[in-house]
Amino acid sequence: MKLTKKILLFFLVVLVIAQFFGPEKNEGKLTSIDAFYAETNPPADVKQILEVACIDCHSDVTKYPWYNNITPVNYWLASHVNDGKKHFNLSNWEANSIKRKDHKFEELIKMVEDKEMPLDSYTWTHTDAKLTEAQIKAVVDWAKLVRVTYGLMPQPE
């Protein structure tokens with residue numbers, strides 16, 4: 001056998017063996033974002049946008065696509081979800097201070113207005129998550145209203 005064939009066979013065997021391993025799925029103890037919805041009260045259209053474009057990476061309720069069963073893709077997806085939750089996790093919303101919640105909404109507004117969220121790598125396979133200008137406006141208007149509400153809440157000293 002030529003060296004190239006041996007190398008390719010080796011990588012094929014490694015790839016097959018790797019399919020039996022994978023990262024832990026994003027199925028934490030908290031499996032709901034009801035507290036977030038109750039506190040921020042998004043209108044129906046914004047709630048639909050959040051469910052299509054945000055919740056998979058920013059909560060403990062990720063709906064995995066079929067290709068998540070393929071290693072190394074599953075590690076790449078796990079990395080994206082973990083990073084998304086690190087920055088903005090809707091599942092543990094009530095654990096945040098008012099100041100932090102307000103700051104997270106400030107970041108949300110900037111990221112959505114600048115079209116940095118949802119990520120291009122997400123919208124490649126979730127085309128319905130690519131936001132229109134009207135959807136961006138709806139999310140931003142709602143987020144600004146939530147920030148006003150947080151600004152009216154008493155702040156601990």
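Provided above is the structure to which this section pertains.
Residues numbered from 1 in each chain as written. Predicted model: local features only at pLDDT ≥ 70, side-chain atom pairs only at ≥ 80, totals over all residues. Heavy atoms only, no water.

Caption draft 1: Summary view of the overall build of the chain. When its secondary structure is counted, the chain shows seven helices and zero strands. Along its sequence from the N terminus, the chain presents helices and strands in the succession α-α-α-α-α-α-α. Of all 157 residues assigned to the chain, the portion counted as buried reaches 36%. Look at the contacts in the chain between residues 6 or more apart in sequence, and 76% of them connect residues 24 or more apart. Total accessible area on the chain is roughly 10400 Å²; 62% of this is exposed by carbon and sulfur atoms. (Helix = DSSP H or I, 4+ residues; strand = E, 2+ residues; numbered from the N terminus. Buried < 20%, exposed > 50% of the residue type's maximum accessible area, 1.4 Å probe, protein only. Contact = heavy atoms within 4.5 Å. Areas by Shrake-Rupley, 256 points an atom, 1.4 Å probe, with all protein chains shown as cover.)

Caption draft 2: The arrangement of the packing of aromatic side chains in detail. Scanning all chains against the criterion turns up nine aromatic pairs. Seen from their ring centres, F36 and W93 are 5.1 Å apart, and the 90° between their planes marks the pair as edge-to-face. Residue F36 is found in helix α2 (residues 34-40), and its partner W93 is found in the loop between α4 (73-87) and α5 (98-113); the two are separated by 57 residues along the sequence. Ring centres 6.0 Å apart and planes at 65° place the aromatic pair F105 and Y150 in the edge-to-face group. With F105 in helix α5 and Y150 in helix α7 (residues 133-152), the pair connects residues that are 45 residues apart, well separated along the chain. Judged by relative accessible area, which is 0%, F105 ranks as buried. (Phe/Tyr/Trp six-rings, centres within 6.5 Å; stacked < 30°, edge-to-face > 60°.)

Caption draft 3: Focus on the environment of H126. Secondary-structure assignment places H126 in the loop between α6 (120-123) and α7. Along the backbone, H126 and V52 are 74 residues apart, and their C-alpha atoms lie at a distance of 8.3 Å.

Caption draft 4: Spotlight on a nonpolar patch on the surface. Side chains of L3, I7, F10 and F11 sit close together on the surface and give an oily, nonpolar patch of about 440 Å² of accessible area. On the basis of relative accessibility, which here comes to 61%, the residue L3 falls in the exposed class. (Patch = residues over 30% accessible without salt bridge, like charges linked within 9 Å, V, L, I, M, F, W, Y side chains within 5 Å. Salt bridge = Lys/Arg side-chain N within 4 Å of Asp/Glu carboxyl O.)

Caption draft 5: Broad picture of the pattern of salt bridges. Under the definition given, this model contains nine salt bridges. With a shortest N-O distance of 3.1 Å, K104 and E107 are connected by a salt bridge. Residue K104 and its partner E107 are both found in helix α5; the two are separated by three residues, about one turn of the helix. Judged by its relative accessible area of 31%, E107 is partly exposed. We note a salt bridge from D114 to K110, for which the minimum N-O separation is 2.6 Å.

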